[in-house]
Amino acid sequence: MGRLVLKQLSRSFKNVTAVNNISLTVDDGDFLVLLGPSGCGKTTLLRMIAGLLEPTSGSLELDGLDITNAPSKKRDLAMVFQSYALYPHLSVAKNLAFPLSVRKTDKQLVKERVQQVAEMVEIGHLLDRKPKELSGGQRQRVAVARALVREPKAFLMDEPLSNLDAKLRTATRQELAGLHRRLGATFIYVTHDQVEAMTMATKIALLNGGQLEQLGTPEELYDKPASVFAAGFLGSPATNLIDAELSTSNGMVTVMAPSVEAVLWPGETPRRDAVLGIRPEHLSIHAPSSAAAAPNSGAALRGVVELSENLGSEQIIYCRVGENRVAVRASRSERWIDGSAVVLSADAGCLHLFDKASGRRLEWQPASVPAPVA
Ligand code: ADP
Ligand code: MG
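These numbers come from a predicted model, not from an experiment.

(A) Structural view of the sheet that holds strand β2 (residues 16–26). Pairing in this open sheet of four strands is antiparallel, and the strands run β2-β1-β4-β5 from one edge to the other. The strands lining the two open edges of the sheet, one partner per strand, are β2 and β5 (65–66). Judged from the five bridges that link them, strand β1 (residues 4–13) and strand β4 (residues 57–62) form a sheet pairing that is antiparallel. Within β4, the position partnered with leucine 4 by the bridge is leucine 62. Helix α1 (residues 42–50) rests against β1, β2 and β4 of the sheet, and its axis sits at about 120° to β1.

Rendered as structure tokens:
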């Protein structure tokens, strides 16, 4: 079991509020990723869960027990640090045995368990080596194995892949996801890397300035970003975000901005300032004369091609649209000379709308005014 409930958890350092009133539940077996830019409070939140840092206010429950003031070693949680924190003078086998030896576990049992976890992460052949005789990737596995050794209620990991090169990071990411599936244990994993979050998480908690911006599955965060921040953080290239005005025209709700017109759906709305979000993969590119350039519904953006980036498998075409630079993900067979006049189009169902003032998503409710989602 490993069900963790965070209730209104906050932590301040002098005049900085590092974590601000965060409430969330991590279910048994979840792979929760704490995601957000550097300095948003991820490490502070994880350290409070681990018992390495006291909350300024709020509480923590593990499997129904209040652990807010329980010391770290009483929490039955295992932490994997970014720096691995291995004992340099001990062999891999002794590093792995350490968490059990301090609990005075039977010697034979310790030996068996060490062998078992070493095989699980494929370091069985390295047991006699010292940490300095290992590569970065091997050290990372030893750190994970040491966390596995005592079968904790949950694994806590703070950017464990950030010291690995890109190729090894991808491989280790897949191994960790596989390990999570095999163990069925609760993982809480800190990263600023949206790809790690999208690929490993069962749930993502997106943090921004110490606050919980959005909590949901990777699909929910990607398909229905709750705010301008969430829309801009997930996805590469980022969601195109355009300041616009929402109003009614001929019985249809429309979004207007310089060189941009989007006809959404039948209905009425008072004029309001909004932000229109369109993912690069939802835009298609046309010559201004093409019939597809004048859709009956959805968005049409008039612009000029500024630059194309060839990514090998596809290309990103950047266009100037009014004051904005808009990215379009396109097939390499699309060929547009820089300076070409183009029209970009997207279906109405792919458009995201946010309230300009609050930055929160506007959910459309037929025959009523879109209201910001709480
Ligand atoms: P992240 O892990 O998301 O990069 P942190 O949790 O490390 O962010 O930090 C969140 C904020 O709290 C930052 O502004 C950081 O400078 C501040 N902070 C973290 N630890 C301390 C500390 N021990 N003393 C003072 N400020 C701190
Ligand atoms: Mg950190």
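The rest of the description comes next.
(B) Broad picture of the environment of serine 333. Tracing the chain through its elements places serine 333 in the loop between β18 (324–330) and β19 (341–346). The sequence separation of serine 333 and glutamine 115 amounts to 218 residues, and the corresponding C-alpha distance is 53 Å. Side chain to side chain, serine 333 and serine 331 meet in a polar contact 2.6 Å long.

(C) Region of the structure containing the site of ligand 1. In the vicinity of ligand 1, the contacting residues are Phe13, Val16, Ala18, Pro37, Ser38, Gly39, Cys40, Gly41, Lys42, Thr43 and Thr44. Between an oxygen atom of ligand 1 and a main-chain N or O atom of cysteine 40, the distance comes to 3.2 Å. Between ligand 1 and the protein, one listed contact pairs an oxygen atom with a side-chain N or O atom of threonine 44 at 2.5 Å. With the chains in place, 58% of the 560 Å² that ligand 1 exposes on its own is no longer accessible. Examining the composition of the shell around ligand 1, we find that three residues originate from one element, α1, more than from any other. Here the shell around ligand 1 is built from residues that sort into five nonpolar, five polar and one charged.

(D) Summary view of the pattern of salt bridges. What the rule picks out here adds up to 14 salt bridges. Ionic pairing is found between aspartate 63 and lysine 153, a salt bridge with its closest N-O pair at 3.5 Å. Placement of the pair is aspartate 63 in the loop between β4 and β5 and lysine 153 in the loop between α4 (136–148) and β7 (154–158), with a sequence separation of 90 residues. For the salt bridge of glutamate 306 with arginine 320, the shortest nitrogen-to-oxygen distance reads 2.9 Å. Of the two residues, glutamate 306 sits in strand β16 (residues 298–310) while arginine 320 sits in strand β17 (residues 315–321), which places them 14 residues apart along the sequence. Arginine 320 gets classed as partly exposed once you look at its relative accessible area, which sits at 33%. A network of salt bridges, in which partner residues are shared, links Arg3, Asp27, Asp30 and Lys203.

(E) Local environment of the domain arrangement of the protein chain. Each assigned domain of the protein chain is listed with its residue range as follows: domain 1 (4–227) and domain 2 (233–372). In this structure, domain 1 and domain 2 have C-alpha centres spaced 39 Å apart. Between domain 1 and domain 2, the residue contacts involve 15 residues of the former and 12 residues of the latter. For the domain 1 and domain 2 pair, buried surface summed over both sides reaches about 1200 Å², with 58% attributable to carbon and sulfur atoms. Of all residues in domain 1, Gln194, Tyr222 and Pro225 bury the most surface against domain 2, accounting for 45% of the area lost on that side. For arginine 360, the salt bridge identified is with glutamate 213, shortest N-O distance 3.6 Å. Counting every contact that joins domain 1 to domain 2 gives six residue pairs in polar contact (both at pLDDT 80 or more).

(F) Broad picture of the nonpolar core. By size, the foremost hydrophobic cluster in this structure holds 46 residues, and its most contacted members are Leu35, Leu96, Ile123, Phe155, Leu176 and Tyr189. In terms of residue count, the dominant contributor to this core is α4 (six residues). Beyond its immediate stretch of four places on either side in the chain, leucine 96 contacts Val114, Val117, Ala118, Ile123, Leu127, Val142, Ala145, Arg146 and Val149.

(G) Examining the packing of aromatic side chains more closely. The full count for this structure, using the stated rule, is five aromatic pairs. Taken together, a centroid distance of 4.6 Å and an interplanar angle of 50° make the contact between tyrosine 87 and phenylalanine 98 tilted. Placement of the pair is tyrosine 87 in the loop between β6 (77–80) and α2 (92–101) and phenylalanine 98 in helix α2, with a sequence separation of 11 residues. Accessibility expressed as a relative area gives 30% for tyrosine 87, which makes it partly exposed. The partly exposed category is assigned to phenylalanine 98, whose relative accessible area is 31%.

(H) Just the side chain of threonine 68, in detail. By secondary structure assignment, the location of threonine 68 is in the loop between β5 and β6. Of note is the side chain of threonine 68, whose polar atom sits 3.0 Å from the backbone nitrogen of leucine 60. There is a polar contact of 2.7 Å between the side chain of threonine 68 and the side chain of aspartate 66. In contact with threonine 68, not counting residues within four places along its chain, are Pro55, Gly58, Ser59, Leu60 and Arg75.

About the criteria used
Per-chain numbering applies: the sequence of each chain, read as written, is numbered from 1 onward. Each chain gets a letter, beginning with A, and each ligand a number, beginning with 1, in the order they are written. With the structure being a predicted model, the display of local features is reserved for residues of pLDDT at least 70 and the display and counting of side-chain atom pairs for 80 or more, all residues being used for whole-chain, interface and lining totals. Values shown for side chains rest on all heavy atoms present in the structure; no hydrogens or waters enter the calculation. At least two bridges found by DSSP between two strands is the condition for calling them paired. Helix and strand definitions here come from DSSP, where helices need a minimum of 4 consecutive H or I residues and strands a minimum of 2 consecutive E residues; each element is numbered from the N-terminal end. By definition, residues are in contact when any of their heavy atoms lie within 4.5 Å. Note on definitions: angles span 0 to 180 degrees between N-to-C directions of axes, and those axes are lines fitted to C-alpha atoms, for helices only across the stretch in contact. Polar contact criterion, stated in full: a pair of N or O atoms within 3.5 Å, where within protein one must be able to donate a hydrogen and the other to accept it, and residues adjacent in sequence count only if both atoms are side-chain atoms. Nearness is defined per residue: one heavy atom within 4 Å of the molecule or strand is enough. The accessible surface values rely on the Shrake-Rupley method and a 1.4 Å probe; as for residues, cover is taken only from the protein chains in view. Basically, the charged four are Asp, Glu, Lys and Arg, the nonpolar ten are Ala, Val, Leu, Ile, Met, Phe, Trp, Tyr, Cys and Pro, and anything else, Gly included, counts as polar. Every case where a carboxyl oxygen of Asp or Glu lies within 4 Å of a side-chain nitrogen of Lys or Arg is listed as a salt bridge. To sort residues, take the accessible area from a 1.4 Å probe on protein chains only and compare it with the maximum for the residue type: under 20% means buried, over 50% means exposed, and anything in between is partly exposed. In this document the domain limits rely on a domain assignment from an automatic tool or a database. A quick way to say it: buried area is the sum, across both parts, of accessible area lost when two parts are put together, with a 1.4 Å probe. Take the buried residues of types Ala, Val, Leu, Ile, Met, Phe, Trp, Tyr and Cys, join any two whose side-chain atoms come within 4.5 Å, and each joined set is a nonpolar core. Note on aromatic pairs: the rings of Phe, Tyr and Trp (six-membered ring only in Trp) are paired at centre separations within 6.5 Å, and the planes decide the class, stacked below 30 degrees, edge-to-face beyond 60, tilted for the rest.

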